[in-house]
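# Per-entry structural report
One-letter residues, chain by chain:
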Amino acid sequence: MTSHTQLFINNEVSSFHLLHQSLTIFQYVDAKSGETLSIYSPHDESLVVDNVQVAGQADVDTAVAAARAAFKGEWSKWTGARRQQVLLKFADLWEKHAADLGAWEAKSMGQPISVATSLGGMCASIFRYYAGWTDKVLGEQYPENEGIYKVVQYEPIGVCAGIGAWNGSQLFFAMKAAPALAVGCTFIYKGSEKSPVGLLQLGELVKEAGFPPGRHEKLIRQLLGVVNIITGDGRAGSVLASHMDVNKISFTGSVFAGKKVQELAAKSNLKRVVLELGGKSPSLIFEDADIENALNHTSQNFLFNTGQACVAASRTFIHESIAPRFIEQLKARFEGFSQTTGSPLDPKTFLGPLVDVKQFERVMNYLEIGKSEAELVTGGTRKGDTGFYVEPTIFLNPKDDARIYREEIFGPVITLRTFKTEEEAVQLANDTEYGLSACVFTSSMSRGLRVAKQIESGGVNINTSQVFQLEAPFGGSKQSGIGREGGKQGIMHYLEPKTVNIK
Ligand code: NAD
């Protein structure tokens, strides 16, 4: 694949001749802002790529105008079956290029290539899943009442925007773009400034999949702009969130920025907002749990993506009767995984670096703070002296108001506490402003379900962790978010119900 560092704004037509002349269409464009950014490897701090174009206000305006023109054109009027063909082709192309696309995440944010490539496969599945929905959203009909019949139809909401975090840049694009496109919306995505380049390559696949297959000028102009991919930091995100011609925004990122997006949406045009935000998820390990399974999930699964996962169970509570042995074994496993670092491009690497110097300094700061707030069991330091590697770290018995226990660290750092009773375990689990995910390890299914019911979070995993099941809704309660992605709920946000009364 060619390496693109320009914005993919899908309506820039440079020369255009009908009949005997070929068409030249520029979908990749330099930013009008004149601003660029450089990406450095978190593995060895070398330059990965520079001259990555950064969208400013004028670029966002162009992308929104392109998406609006496309929405008024053919795409939303195509039959579901026709849109489905394009989405399926896009999925096939994504699967074919998953390793190349994943390599950009490995180089830019240090995600191990094995993880990045498998996430690419997941993105293809997401497009296939939502391709299946293109012709399956039904309306409703109500009985006649005082001579009035009612028909409710669900219509595409219009121009939609997505903003994503860096820890799964391509995954967040797929979770937002696939349902939006399936129902006929048009789409603009702003990836994270920390790992934007893999996303920009998707523009090639958009072209090849047939999103703009036009045969004459009118059709081309109407189809261009269905998918637009831009990059930039919070400033470009703010422009999208406050844009008067964006109908819906789906945001994945921190609680802090999510609140800003909600505020900007309310202050501009009341665009619909879905927020997928942070977490400080609990894991409860009861005395009757399968210990080997609980240890696997608390070590290997927790350290997946170097702990940079929104659903990572970073507050683990262990029944006091099994705690000493469990902690000893967990310590040994963390120390074992410390040996699995290496180049993110090496398929054998399990533990990559943190995404960049800013995140590294943030995590190192928490490690220092933690040493006075809790007992350090293992880790607590940088690993090596190049790149942004951190030793997998366990803190035991944090103070109740400890920052490492209350705040999302987003790194390979876990806090452990013990509990005596089920009631106490539930109380500890819920004592947080977050509510994204939770784990319960027990061999008693009645206890598992009873505890799951009491936990305040968008999802609960019994005897497992980090589960992503596409057909079910995913999202947070409390300050972990608003709305859901995934499944049918993930598609309904891109539709506006319209009631038609008939006399
Ligand atoms: P972040 O909030 O700093 O940035 C996320 C995105 O928002 C980026 O694209 C950024 O450029 C943009 N942004 C920043 N400020 C903005 C503003 N004022 N207006 C509009 N856009 C703005 O988060 P991050 O550091 O990239 O990601 C880590 C966070 O994301 C963690 O809190 C993590 O838990 C969360 N996250 C949540 C989920 C989920 O599904 N719930 C998934 C992954 C990550």
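Everything numeric in this text was worked out from a predicted model, so none of it was measured.

The geometry of helix α3 (residues 98-109) relative to helix α4 (residues 113-131) is characterised by a closest axis approach of 8 Å and an angle of 130 degrees between their N-to-C directions. The orientation of α3 with respect to α4, classified from their angle, is oblique. As α3 packs across α4, the resulting crossing turns out to be right-handed. Contact residues: α3 offers A98, A99, G102, A103, E105 and A106, while α4 offers I113, A116, T117, G120 and G121. Split by residue class, the contact of α3 with α4 holds six nonpolar, four polar and one charged.

Attention shifts here to the site of the ligand. By nearness alone, 30 residues border the ligand, and G164, E193, S254, L277 and E408 come closest of all. The side chain of W166 places a nitrogen or oxygen atom 3.1 Å from an oxygen atom of the ligand. S238 places a polar side-chain atom, nitrogen or oxygen, 3.4 Å from a nitrogen atom of the ligand. Contact with the protein chains covers 87% of the free accessible surface of the ligand, which is 850 Å². If you map the ligand onto the pockets, it falls in the largest pocket. Broken down by secondary-structure element, the contributors of at least two residues to the shell around the ligand are α8 (234-241), β10 (248-252) and α9 (255-267). Here the shell around the ligand is built from residues that sort into twelve nonpolar, twelve polar and six charged. For the shell around the ligand, the domains that each give at least three residues are domain 1 (7-277 + 481-502) and domain 2 (282-470).

Following the criterion strictly, the structure yields 17 aromatic pairs and no others. On the basis of an interplanar angle of 65 degrees and a centroid distance of 4.8 Å, the ring pair of F90 and F127 is categorised as edge-to-face. Residue F90 is located in helix α2 (residues 80-96), and its partner F127 is located in helix α4; the two are separated by 37 residues in the primary sequence. There is no split in this pair, since F90 and F127 are both buried. Geometrically, the ring pair formed by W94 and F173 is tilted, given 6.1 Å between the ring centres and 45 degrees between the ring planes. Of this pair, W94 sits in helix α2 while F173 sits in helix α5 (residues 169-182), placing them 79 residues apart in sequence. Judged by relative accessible area, W94 falls into the buried class, the value being 0%. Looking at F173, the relative accessible area reads 1%, which means it is buried. Three or more aromatic residues link up through ring pairs in this structure, and these residues are F90, W94, F127, F173, F187 and Y189. Between the NZ or CZ atom of K107 and the centre of the ring of W104, over which it lies, the distance is 4.3 Å.

Reading across from one edge, β14-β15-β16-β13-β12-β17-β18 is the order of the seven strands in this open sheet, with mixed pairing throughout. Edge positions in the sheet fall to β14 (375-378) and β18 (461-462), since each of these pairs with one other strand and no more. Judged from the three bridges that link them, strand β12 (residues 282-285) and strand β17 (residues 439-441) form a sheet pairing that is parallel. Each bridged residue has a counterpart across the sheet, and for I285 the counterpart in β17 is F441. The strands touched by helix α12 (residues 357-371) within the sheet are β14, β15 (393-396) and β16 (413-419), with β15 carrying the most contacts at an inclination of about 30 degrees.

For the rest of this paragraph, the subject is the sheet that holds strand β6 (residues 148-156). Spatial strand order, β5-β6-β20: three strands in an open sheet with antiparallel pairing. Two strands bound the open sheet, and with one partner strand each, they are β5 (140-145) and β20 (495-502). Neighbour to neighbour, the strand axes of the sheet diverge by 20 degrees on average, direction disregarded. Here four bridges tie β5 to β6, and the two strands are oriented antiparallel to one another. Bridging from a neighbouring strand, N145 pairs with I148 of β6.

Analysis parameters
- Residues numbered from 1 in each chain as written.
- Predicted model: local features only at pLDDT ≥ 70, side-chain atom pairs only at ≥ 80, totals over all residues.
- Heavy atoms only, no water.
- Axes fitted to C-alpha atoms, helices over the stretch in contact; angles between N-to-C directions.
- Helix = DSSP H or I, 4+ residues; strand = E, 2+ residues; numbered from the N terminus.
- Parallel < 35°, antiparallel > 145°, perpendicular 65-115°, else oblique.
- Left-handed = near helix turned anticlockwise from the far one by under 90°.
- Contact = heavy atoms within 4.5 Å.
- Nonpolar A, V, L, I, M, F, W, Y, C, P; charged D, E, K, R; others polar.
- Near = heavy atom within 4 Å.
- Polar contact = N/O pair within 3.5 Å; in protein donor to acceptor, adjacent residues only side chain to side chain.
- Areas by Shrake-Rupley, 256 points an atom, 1.4 Å probe, with all protein chains shown as cover.
- 1 Å grid on protein atoms, 1.4 Å probe; cavity = no way out; pocket = protein on both sides within 12 Å on 5 of 7 lines; lining within 4 Å.
- Sits in = over half its atoms within 2 Å of the grid points.
- Domains from an automatic or database assignment.
- Phe/Tyr/Trp six-rings, centres within 6.5 Å; stacked < 30°, edge-to-face > 60°.
- Buried < 20%, exposed > 50% of the residue type's maximum accessible area, 1.4 Å probe, protein only.
- Lys NZ or Arg CZ within 6 Å of the ring centre and 35° of its normal.
- Pairing = 2+ DSSP bridges.

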